[in-house]
Amino acid sequence: MAAKTAARTKSTPTKENGVRVEEGLSMFKSDKFDADAYVQSKCSINQKDIKQLCSYLLDLKRASAGEMRRSGELSSIRDLLSTQATLIHALANGVYIDDGDKPCDGSFGDNDLSALEKWAAEYLDQLDALLAERRVDEALTAFDEGEILISQANESHTLSSSLQFAISQRKRKLADQLAKAACQPSTRGGELRSAITALKRLGDGPRAHTVLLDAHFQRYQYNMQSLRPSSNGVAYTAAALSQLFFSAISHASSDSLGIFGEEPAYSSELVTWATKQTEAFFFLLVKKHALASSGGLRAAAECAQIALGHCSLLEARGLSLCPVLLKHFKPVVEQALEANLKRIEDNTAAMAAADDWVLTYPPAGSRHVSTAFQNKLTSSAHRFNLMVQDFFEDVGPLLSMQLGSKALQGLFRVFNSYVDVLIRALPGSIEDEEEANFEGFGNKIVQMAETEAHQLALLANASLLADELLPRAAMKLAPLDQTSHRTDDVRRPSDRQNRNPEQREWKRRLLSTVDKLKDAFCRQHALGLIFTEEGDSRLSADLYINMDENGEDVDWFPSLVFQELFAKFNRMASLAADMFVGRERFATSLLMRLKETVILWLSGDQSFWDDIEKGPRPLGPLGLRQLYLDMKFVTCFASHGRYRSRNLHRGTNEIISKALAAFTATGLDSELPKDDWFTEICLDGMERLSGKAKGNNGEVHSPTASVSAQSVSSARSHGSC
């Protein structure tokens with residue numbers, strides 16, 4: 001550069017050169033020239049002006065060098081310019097010099113400056129050539145060599161700030177080239193890592209790390225452009241999206257660790273970036289691709305399962321992104337869960353409006369129909385069961401989202417609503433609707449179950465769903481450590497269900513809901529026996545008080561209301577034997593509850609006992625015997641059908657005790673016949689009412705169970721026949 005400047009100086013005409021020099025030096029020839037004042041005036045300018053001044057002085061020095069050699073009068077001025085140049089360079093580099101008149105320790109002569117300028121020119125030309133040819137490694141080596149020389153020159157204060165500025169510009173140019181190349185979709189694997197490593201060597205690690213993350217994101221977006229929704233369903237689209245995204249995160253994590261190590265600043269930036277991108281990925285996956293067309297629970301479940309599966313693979317790299325996904329997925333899945341439950345509730349209610357309440361096997365070709373567990377249900381119950389099976393298939397894989405309990409609670413709520421529908425199907429339930437709590441179904445129309453067979457079908461629906469079908473389906477929500485070792489599939493489903501305390505409690509709540517229907521059924525039939533259609537009671541105190549007024553000629557036989565109870569009991573037992581195959585315990589408990597309802601109603605009927613105990617007419621000996629016979633008849637046919645219960649025994653004892661106390665209070669004296677007398681009448685009544693002959697050993701055959709002869713207990717213990 002110095003040589004080129006000298007050549008240009010020699011080629012300029014002497015006269016023209018002299019005029020230019022004279023104009024530039026005129027101010028220095030004045031006797032009033034003050035060097036210190038001149039320097040101080042220049043020191044007030046800004047950094048840009050200082051650099052321009054430095055450049056101007058260098059050009060002025062080169063132009064005047066030849067003239068100063070030929071004129072001894074200007075030699076002093078040359079020394080002054082040299083001192084001033086040194087001062088200006090020191091100011092540009094932030095160095096303060098007390099005395100400008102005092103020579104610097106690192107002062108340099110013309111030969112040293114020329115050599116440095118020549119090296120600088122060649123060095124910059126070499127850098128420009130390397131950058132133009134994109135020879136990155138050689139350029140980095142040249143920068144390293146330049147750094148060493150710059151450091152040495154700075155120690156001697158001989159380096160021009162313009163040279164440092166030129167080198168910085170070329171570094172910035174190379175960094176921009178590397179960043180641009182790194183973010184190109186065509187830059188792959190090793191090329192990307194080489195570019196980022198080179199960018200880091202240039203001294204800007206934070207930018208290099210940011211460019212690395214941006215490069216992986218740009219490549220991910222580029223790959224997304226070629227992705228099209230799959231015609232095979234949401235799962236295929238979700239899998240492809242998830243594979244692309246988490247692959248990009250994985251590669252970014254590997255490159256970050258390989259190039260930058262585990263330095264906290266870079267690790268923190270990686271985690272922040274990955275978290276932000278994961279949130280964006282969720283909205284892309286759920287809102288745009290996966291749920292845009294379907295929006296159902298199954299789609300949400302599949303998306304969550306696939307994404308969480310890929311996400312868990314990153315935990316080995318220190319990236320725990322599953323909580324981020326769960327935070328966003330959970331509300332979406334919960335919303336889909338509630339929508340699915342509401343759909344089950346609405347569809348089942350619509351089916352109940354047209355249900356004929358006839359038990360049938362599942363329709364041919366129905367899903368989830370096992371040959372080992374084909375049970376009869378009515379049409380609405382079949383629909384409910386089918387939708388529940390699909391429901392559990394949807395939410396089964398989402399235990400990791402802690403939605404198992406919520407799914408069970410939601411299904412219990414829906415089943416409870418379905419039981420309310422079954423209660424509404426009972427004749428007479430509409431009148432009691434204000435007392436009942438039919439949540440969720442309002443005034444929806446329900447087909448009435450008119451006959452006893454139809455009403456028992458309601459109970460068959462509820463009991464089979466609660467005791468077997470729903471708990472078996474809920475096994476899909478069992479924890480993985482319980483479902484992965486199923487070596488005893490031959491065991492009953494109920495045995496396997498008992499392993500999980502939560503599901504065992506859930507099943508207990510389902511069965512307690514069935515008890516609502518059972519109570520409503522028994523209450524309706526008990527009231528139908530006790531009251532006429534006009535509302536008059538057929539089991540009033542007058543039934544027993546009037547007997548003593550009619551005289552001694554009595555044909556001893558159970559009262560009409562208990563005869564009808566026995567007939568109804570036999571009809572229902574016969575129907576239950578066909579409807580509750582394999583579930584005889586439920587049928588037995590239902591018939592027990594029916595008897596208990598009648599007896600407990602009589603025991604608690606205050607108007608009945610007010611008439612017996614405080615009425616104008618007392619209870620006589622015949623009335624007492626008839627009441628005792630009726631209670632004996634109830635316990636007798638309950639014992640022969642194996643339908644006795646503690647509640648029934650306690651109820652009949654309480655009724656007899658109250659009647660005896662009321663009779664004793666009248667002061668009348670009468671003895672009840674022996675137990676054999678009551679037993680004989682009860683057995684004879686059972687034979688006549690059932691139309692079957694008594695066997696040689698006194699046996700009477702029940703429609704639902706074999707009957708064995710029962711011992712006759714004492715009259716005071718009020719036992720079985």
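Per chain, residues are indexed from 1 in the order of the written sequence. Residue-level local features of this predicted model are given only where pLDDT is at least 70; pairs of side-chain atoms are given and counted only at 80 or more, and the full residue set underlies all totals for whole chains, interfaces and linings. Side-chain measures here rest on the full set of heavy atoms in the structure, leaving out hydrogens and waters.

By definition, any uninterrupted DSSP run of H or I lasting at least four residues is a helix, any uninterrupted run of E lasting at least two residues is a strand, and each is numbered from the N terminus. What the chain contains, in helices and strands, is 27 helices and 0 strands. Burial here depends on accessible area, computed with a 1.4 Å probe over protein chains only, as a share of the maximum for the residue type. Under 20% is buried, over 50% is exposed, and the range in between is partly exposed. Counting only residues that meet the buried cut, the chain has 44% of its 721 residues in that class. If you take every contact in the chain between residues at least 6 apart in sequence, the share linking residues at least 24 apart comes to 76%. Using the Shrake-Rupley algorithm and a 1.4 Å probe, accessible areas are obtained, with residue cover drawn only from the displayed protein chains. For the chain, the exposed surface amounts to about 37,000 Å²; the carbon and sulfur share of it is 51%. The contact definition used throughout considers only heavy atoms, calling two residues in contact when any of these lie within 4.5 Å.

Our focus in this paragraph is the nonpolar core. Here, nonpolar core refers to any group of buried Ala, Val, Leu, Ile, Met, Phe, Trp, Tyr and Cys residues whose side-chain atoms link them within 4.5 Å. Core analysis: the biggest nonpolar cluster contains 139 residues, and Phe329, Phe392 and Phe562 have the highest contact counts within it. Of all the elements, helix α17 (residues 452–474) adds the most residues to this core, at 13 residues. Excluding residues within four positions of it along the chain, Phe562 makes contact with Leu539, Tyr544, Val598, Ile599, Leu602, Asp630, Met631, Phe633 and Val634. Judged by nonpolar contacts, the second largest core, of 32 residues, contains Leu174, Ala182, Leu202 and Tyr266.

Turning to helix α23 (residues 584–604), a few remarks are in order. Each turn of an α-helix holds 3.6 residues, which means side chains three or four residues apart point in the same direction. For α23, built from 21 residues, the straight-helix expectation of 30 Å at 1.5 Å per residue is met to within 8% by its first-to-last C-alpha distance of 30 Å. Turning to α23, its buried residues number three or more, namely Phe586, Ala587, Leu590, Leu591, Met592, Leu594, Lys595, Glu596, Val598, Ile599, Leu602 and Ser603. Packed against the buried residues of α23 are α17, α20 (501–530), α22 (560–579), α24 (606–614), α25 (621–640) and α26 (646–665). A helix is expected to span 1.5 Å multiplied by its residue count minus one.

We now examine the packing of aromatic side chains. Each aromatic pair joins two rings of Phe, Tyr and Trp (for Trp, the six-membered one) with centres within 6.5 Å, and gets the label stacked for planes under 30 degrees apart, edge-to-face for over 60, and tilted for any other angle. The full count for this structure, using the stated rule, is 23 aromatic pairs. Between Phe392 and Trp506, the aromatic rings sit 6.4 Å apart at their centres with planes inclined by 80°, giving edge-to-face as the arrangement. Of this pair, Phe392 sits in helix α15 (residues 379–395) while Trp506 sits in helix α20; the two residues are 114 residues apart in sequence, bridging distant segments of the chain. The class for Phe392 is buried, based on a relative accessible area of 0%. When the centroid spacing of 5.3 Å and the interplanar angle of 35° are considered together, the rings of Phe580 and Phe586 count as tilted. The class of Phe586 is buried, set by a relative accessible area of 15%. Joined through ring pairs, the aromatic side chains of Phe217, Tyr220, Phe245, Phe246 and Phe281 make up one cluster.

Turning next to the side chain of Thr348. Following the sequence through the fold, Thr348 ends up in helix α14 (residues 322–352). On the accessibility criterion, Thr348 (2% relative accessible area) is buried. Excluding residues within four positions of it along the chain, Thr348 makes contact with Ser380, Phe384 and Tyr418.

So, on to the pattern of salt bridges. Side chains bearing opposite charge may pair, as long as their charged atoms lie close to each other. By definition, a salt bridge exists where a carboxyl oxygen of Asp or Glu is found within 4 Å of a side-chain nitrogen of Lys or Arg. One pass over the full model with this rule turns up 21 salt bridges. Where Arg193 meets Asp255, a salt bridge forms, and the shortest distance between an N and an O atom there is 3.2 Å. Placement of the pair is Arg193 in helix α9 (residues 189–201) and Asp255 in helix α11 (residues 234–260), with a sequence separation of 62 residues. For Asp255, a relative accessible area of 8% puts it in the buried group. In this structure, Arg508 and Glu505 form a salt bridge, with 2.6 Å as the shortest nitrogen-oxygen distance. Linking Arg508 with Glu505, this pair stays in helix α20, spanning 3 residues, or about one helical turn. A residue is classified by how much of its surface remains accessible, and Glu505, at 38% relative accessible area, is partly exposed. Connected through salt bridges with shared partners, the residues Glu133, Arg135 and Glu138 form a single ionic network.

The next thing to look at is the environment of Ala462. Tracing the chain through its elements places Ala462 in helix α17. Ala462 sits 44 residues away from Tyr418 along the chain, and the two C-alpha atoms are 8.5 Å apart. Other than its neighbours up to four places away in sequence, Ala462 contacts Phe415, Leu422, Val514 and Leu517.

When you line up the elements, Tyr220 lands in helix α10 (residues 205–225). Take Tyr220: its relative accessible area is 8%, and that puts it in the buried class. Each C-alpha atom of the pair Tyr220 and Ile249 lies 9.2 Å from the other, and the pair is 29 residues apart in sequence. Beyond its immediate chain neighbours, meaning those up to four positions away, Tyr220 contacts Leu244, Phe245, Ala248, Phe281 and Leu284.

Here we take up the packing of α22 against α23. The convention used is that axes are lines fitted to C-alpha atoms, helices contributing only their stretch in contact, and that angles between N-to-C directions extend from 0 to 180 degrees. It is the contact of α22 with α23, at a shortest axis distance of 10 Å, that shows an interaxial angle of 165°. Judged on the interaxial angle alone, α23 and α22 are roughly antiparallel. The chirality of how α22 crosses α23 is right-handed. Contact residues: Phe562, Leu565, Lys568, Phe569, Met572, Ala573 and Ala576 in α22; Ala587, Leu591, Leu594, Lys595, Val598, Ile599 and Leu602 in α23. Polarity classes work like this: nonpolar for Ala, Val, Leu, Ile, Met, Phe, Trp, Tyr, Cys and Pro, charged for Asp, Glu, Lys and Arg, and polar for all others, with Gly in that last group. Broken down by class, the residue content of the contact of α22 with α23 amounts to 12 nonpolar, no polar and 2 charged. Here the angle decides the label: under 35 degrees means roughly parallel, over 145 means roughly antiparallel, 65 to 115 means roughly perpendicular, and every other value means oblique. The sense of a crossing depends on the near helix, which, turned anticlockwise from the far helix by less than a right angle, makes the crossing left-handed and, turned clockwise, makes it right-handed.

Residues other than glycine seldom take positive phi values, yet Arg134 does so here, at roughly 55°. Position of Arg134 among the secondary structure elements: in the loop between α6 (110–132) and α7 (136–155). By relative accessible area, which is 58% here, Arg134 ends up exposed. The phi dihedral of Trp357 falls on the positive side, at around 55°, and the residue is not glycine. By the element assignment, Trp357 lies in the loop between α14 and α15. Overall, Trp357 belongs to the buried group, its relative accessible area being 1%.

Where α9 meets α10, the closest approach of the two axes is 8 Å, and the angle between their N-to-C directions is 160°. By the angle between their axes, α9 is roughly antiparallel relative to α10. The way α9 lies across α10 gives a crossing that is right-handed. Contacts between α9 and α10 involve Gly189, Leu192, Ile196, Leu199 and Lys200 on the former and, on the latter, Gly205, Arg207, Ala208, Val211, Leu212, Ala215, His216 and Arg219.

This paragraph deals with the confidence of the model for the chain. Along the chain, pLDDT gives the predictor's confidence residue by residue, from 0 to 100. Taken as a whole, the chain shows an average pLDDT of 77; of its residues, 69% reach a score of 70 or greater. For the chain, the element scoring lowest by mean pLDDT is helix α1 (residues 2–11), at 40; α17 scores highest, at 94. In this model residues 480–497 is a low-confidence stretch, pLDDT under 50, and it forms 21 contacts with partners more than four residues away in sequence or in other chains.

What follows concerns helix α16 (residues 404–424). Between its first and last C-alpha, α16 extends 31 Å over 21 residues, near the 30 Å set by a 1.5 Å rise per residue. Within α16, 17 of the 21 residues are buried, which leaves the element mostly enclosed by the surrounding structure.

Only a pair of cysteine sulfur atoms within 2.5 Å qualifies as a disulfide here. Evaluation of the coordinates by the stated rule reveals 0 disulfides. Just so you know, Cys311 is unpaired, no disulfide at all, and the nearest cysteine sulfur is the one on Cys322, 3.6 Å from it.

If you trace the backbone, Ala215 turns up in helix α10. Excluding residues that lie within four positions of it along the chain, Ala215 makes contacts with Ala182, Cys183 and Leu192.

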